Amino acid sequence: MRDKRDYLLQEQEDATMLNFTSEIVKSVADTGLIEAAEAEALLVTPPKEDMGDYALPCFTLAKRLRKNPAAIAAEIAEKIAPSELIVRVETQGAYLNFFVNRTAFVRQCFSEISDDSKDFGATDHGRGKTVVIDYSSPNIAKEFRVFHLRTTVLGHALYNIFRALGYKVVSVNHLGDWGTQFGVVIAAFKEKGDREALDHEPLKYLTQLYVDYNRRMAEDESLRETARGWLRKLEDGDEEAHELWRLFCDLSIKDFKRVYLRLGIEFDHYLGESFYFRFTDEIIRKAQADGVAVESQGAIVIKMDDEDIPPVILRKSDGATGYHTRDIAAAIWRHENFGFDKMLYVVGAEQKLYFRQLIEALEKLGHGWAKNLEHVAHGLYLDTREVDGVQVRAKAGTRSGFKVILEDIIDDAVARAERVIDENYPNGFPGDKKQAAEAIGIGAIVFGDLKNGRIKDVVFDWETVLNFKGESGPYLQYSHARLCSILGKYGGAVEREVDFALLDDPEEFAIARLAADLPRILLRTAEACEPSVLCSYLVALAGAFNKYYTDISRHKVVDPANPARTKARVLMVDCVRRVLGKGLKILGISPMEKM
RNA sequence: GCACCCUUAGCUCAAUGGAUAGAGCGUUGGCCUCCGGAGCCAAAGGUUGAAGGUUCGAGUCCUUCAGGGUGCGCCA
């Protein structure tokens, strides 16, 4: 028995990482100068390692106690006796700095992470709760463009995060498969449609038809009328219109699924707007009967409390239903069928007003649960281009002439990954090169998107996306592959009972602190619906390990001359690998074992 | 015109109201006899758009202004 304190800790089988913070909170609360809850909220990590492991700023106490904050800190410090977990308390000005028992910390951290009976990072935060996530939701008959990447990748990451936190998660792809655009596409196809071209590249061809007809429609009112006519026929159940619509939908979904498959995304439900059309008549009838909806300028609308906000249009003056009507029906149907506690709409920030209207309309219709709907707004992809010699930013879209097909971007990133593999493996890659390139290219694109704060507009920059160095998906994947490689070099099974006192290097403690943070990071990510939090965390973790690893003279992991230390370090490597791998999977990126 | 969002290093972005504002890219200079160089280290780069205010403490909260973006009844 090397250290009695370690023995004591071993008996606390269900100890969690939070023990360290709760011990600190308890010790300061015991002084009677501050409440436990307040202390917990104030607890921070010092900016520099030598200042301590946890810190409590005492400024807020100064006013209440009418004393100099530095004096208060000193007073508290004096009353705290060292314990098994907290070995020392120091003051620096008004800051109270705590130093933990690092061996105990490292033991607890790595024991928990390596415990296969527990899913480290997972919590029961969402047990018994259901969250519905509405994301991606592309429009039928329109190409899947780079703009869709944000909602698709964000929604998928949120899906994984909420699931990790114990929620029941239902993903819904609210396909844009109804509305005026179908009048346009059917009219265009009837006019000069080519079945062969359609079968060859459905989305590309349908988009062409749409763009072309749309442009001519702006100048020719009769074309507009024809399109409106086809939409009416579609809504009235006309057989020919319905048949064409079905064909366009089937071909489009097939194209979308090919992209989703590459991104590793599956939806629990593909329920487009057309599915909810059957409920809209009843909703409108009831809204009118209840006096919630009124006639206005030939349309049937729900007026908003704030007169400056335009009303929700349930039925347009031409008799067709609106986008809002189908979303109202969708929300009600989902509430009846999924019984959600929360529903997230992962949709661009430009639709903020739209969702505010939707929620208010649902509340007016008597659905109190509408307060559980949240618009998880994200920024736009912007394109930079020169106009009259100046760089301007503009929304990337078909109309502006900037057209980037998502699949083309994926292909380019994958091709780039393949080139890098060829450079690094002149004698051939030991494994499935195509598969590796696919995972790396997609990792680059997915991470390149998610690392941005979601509300920020993203300027699409090839240089950044295709640069696999630095803060990138491939950097994290590479770090993971290297961790795997070290374990492969070690060869044996990872042992969990090791001499933790041998992990006494400050860098090892820093790695443990980061690794131990995963559960807290996942909670923060979910609460803010902000996967960029998890992204920064993973970069910090990988960076801490890469730094440690590079100093081979001091930190050689596998060292036959020192078997006991090797075992301890191998456990640490395995734990970092587990945390990094878990984080990457949540983001929707493949953790590579070799690349 | 009105509403909402954004503005941090040359570029792209970080920073639960807390200590000296951090990364990456790019630039310059280092580091493979040894577990994978898609890595690591270092240098240079800042009046956090401007001015007030709240606070013990503001990149962060409030007000005004400037610049940019987005939206504003029958597109989805």
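Residues numbered from 1 in each chain as written. Chains lettered and ligands numbered in written order. Predicted model: local features only at pLDDT ≥ 70, side-chain atom pairs only at ≥ 80, totals over all residues. Heavy atoms only, no water.

Draft legend 1. Structural context of the sheet that holds strand S5 (residues 168-173). Strand order in the open sheet made by the five strands is S6-S5-S4-S10-S11, with parallel pairing throughout. Each edge of the sheet is formed by a strand with only one pairing partner; in this case those strands are strand S6 (269-270) and strand S11 (373-378). Two strands pair when backbone bridges link them, and strand S10 (residues 342-348) and S11 are joined in this way by six bridges, in the parallel orientation. Considered in S11, the bridge of Met-343 is made with Leu-373. (Pairing = 2+ DSSP bridges. Helix = DSSP H or I, 4+ residues; strand = E, 2+ residues; numbered from the N terminus.)

Draft legend 2. Focus on the packing of aromatic side chains. Under the definition given, this model contains 25 aromatic pairs. Summarising the aromatic geometry, the rings of Phe-545 and Tyr-549 are spaced 6.1 Å apart at their centres and angled 35 degrees between planes, so their arrangement reads as tilted. Taken together, the residues span about one helical turn, with Phe-545 and Tyr-549 both in helix H22 (residues 531-550) at a distance of four residues. In textbook terms, an aromatic cluster arises when at least three aromatic residues are bridged by ring pairs, as seen for Tyr-135, Phe-144, Phe-256, Tyr-260, Phe-267 and Tyr-270. Between Arg-88 and the ring centre of Phe-99, over which it is positioned, the NZ or CZ distance is 3.9 Å. (Phe/Tyr/Trp six-rings, centres within 6.5 Å; stacked < 30°, edge-to-face > 60°. Lys NZ or Arg CZ within 6 Å of the ring centre and 35° of its normal.)

Draft legend 3. View of the side chain of Thr-525. Looking at the element boundaries, Thr-525 is found in helix H21 (residues 518-528). With sequence-adjacent residues up to four places away left out, Thr-525 is seen in contact with Ile-161, Glu-530, Pro-531, Val-533 and Leu-534. (Contact = heavy atoms within 4.5 Å.)

Draft legend 4. Quick peek at the nonpolar core. Membership of the largest hydrophobic core comes to 160 residues, with the highest contact counts inside it found for Phe-110, Ile-133 and Phe-162. Aside from chain neighbours lying at most four places away, what touches Phe-110 is Phe-500, Leu-503, Ala-512, Leu-571, Met-572 and Cys-575. In this structure, Val-170, Tyr-276, Ile-332 and Phe-338 belong to the second largest nonpolar core, which totals 37 residues. (Core = buried A, V, L, I, M, F, W, Y, C linked by side-chain atoms within 4.5 Å. Buried < 20%, exposed > 50% of the residue type's maximum accessible area, 1.4 Å probe, protein only.)

Draft legend 5. Fine view of the sheet that holds strand S3 (residues 95-100). Read across the sheet, three strands follow the order S1-S3-S2 without closing on themselves; strand pairing throughout is antiparallel. On the outer flanks of this sheet lie strand S1 (54-57) and strand S2 (86-92), each paired with one strand and no other. Along the sheet, successive strands turn relative to each other by an average axial angle of 20 degrees, direction set aside. Of the pairings in the sheet, the one linking S2 to S3 comprises six bridges and is antiparallel in character. Bridging across to S3, Gln-92 finds its partner in Tyr-95. (Axes fitted to C-alpha atoms, helices over the stretch in contact; angles between N-to-C directions.)

Draft legend 6. Summary view of the environment of Glu-84. In this fold, Glu-84 is placed in the loop between helix H5 (69-79) and S2. Overall, the relative accessible area of 37% leaves Glu-84 in the partly exposed class. Residues Glu-84 and Ala-104 lie 20 residues apart in sequence; the distance between their C-alpha atoms is 8.3 Å.

Draft legend 7. Broad picture of helix H19 (residues 473-490). The end-to-end C-alpha separation of H19 is 26 Å, in line with the 26 Å expected for 18 residues at 1.5 Å each. Those residues of H19 lying buried are Gly-473, Pro-474, Leu-476, Gln-477, Ser-479, His-480, Ala-481, Arg-482, Leu-483, Cys-484, Ile-486 and Leu-487. Taken together, the buried residues of H19 touch helix H17 (433-450), H22 and helix H24 (563-587). Gly-491, located one to two residues past H19, shows a positive phi value of around 85 degrees. (Expected span 1.5 Å × (residues − 1).)

Draft legend 8. Structural view of the state of the cysteines. For the structure shown, the criterion picks out zero disulfides. With no disulfide of its own, Cys-529 lies closest to Cys-535 among cysteine sulfurs, the gap being 14 Å. Under the relative-accessibility criterion, Cys-529 is labelled buried at 2%. (Disulfide = S-S within 2.5 Å.)

Draft legend 9. Focus on the packing of helix H7 (residues 147-164) against H17. Where H7 meets H17, the closest approach of the two axes is 10 Å, and the angle between their N-to-C directions is 90 degrees. Comparing their axes, H17 and H7 come out roughly perpendicular. Taking contact as the criterion, the partners of Leu-149, Arg-150, Val-153, Leu-154 and Ala-157 in H7 are, on H17, Ile-445, Val-446, Asp-449 and Leu-450. Its residues assigned to classes, the contact of H7 with H17 shows seven nonpolar, no polar and two charged. (Parallel < 35°, antiparallel > 145°, perpendicular 65-115°, else oblique. Nonpolar A, V, L, I, M, F, W, Y, C, P; charged D, E, K, R; others polar.)

Draft legend 10. Quick peek at empty space enclosed by the protein. In total, this model carries one cavity of 30 Å³ or more according to the counting rule given. By volume, the largest cavity is sized at about 30 Å³. In the lining of the largest cavity, the residues fall into two nonpolar, no polar and four charged. (1 Å grid on protein atoms, 1.4 Å probe; cavity = no way out; pocket = protein on both sides within 12 Å on 5 of 7 lines; lining within 4 Å. Points joined across faces, edges and corners; volume = space filled by probe spheres on them.)

Draft legend 11. Quick look at unusual backbone geometry. Even without glycine at this site, Arg-66 takes up a positive phi of about 50 degrees. Not every positive phi belongs to a glycine, and Ser-136 is a case in point at roughly 70 degrees. As for its placement among the helices and strands, Ser-136 is situated in the loop between strand S4 (130-134) and H7. By relative accessible area, which is 4% here, Ser-136 ends up buried.

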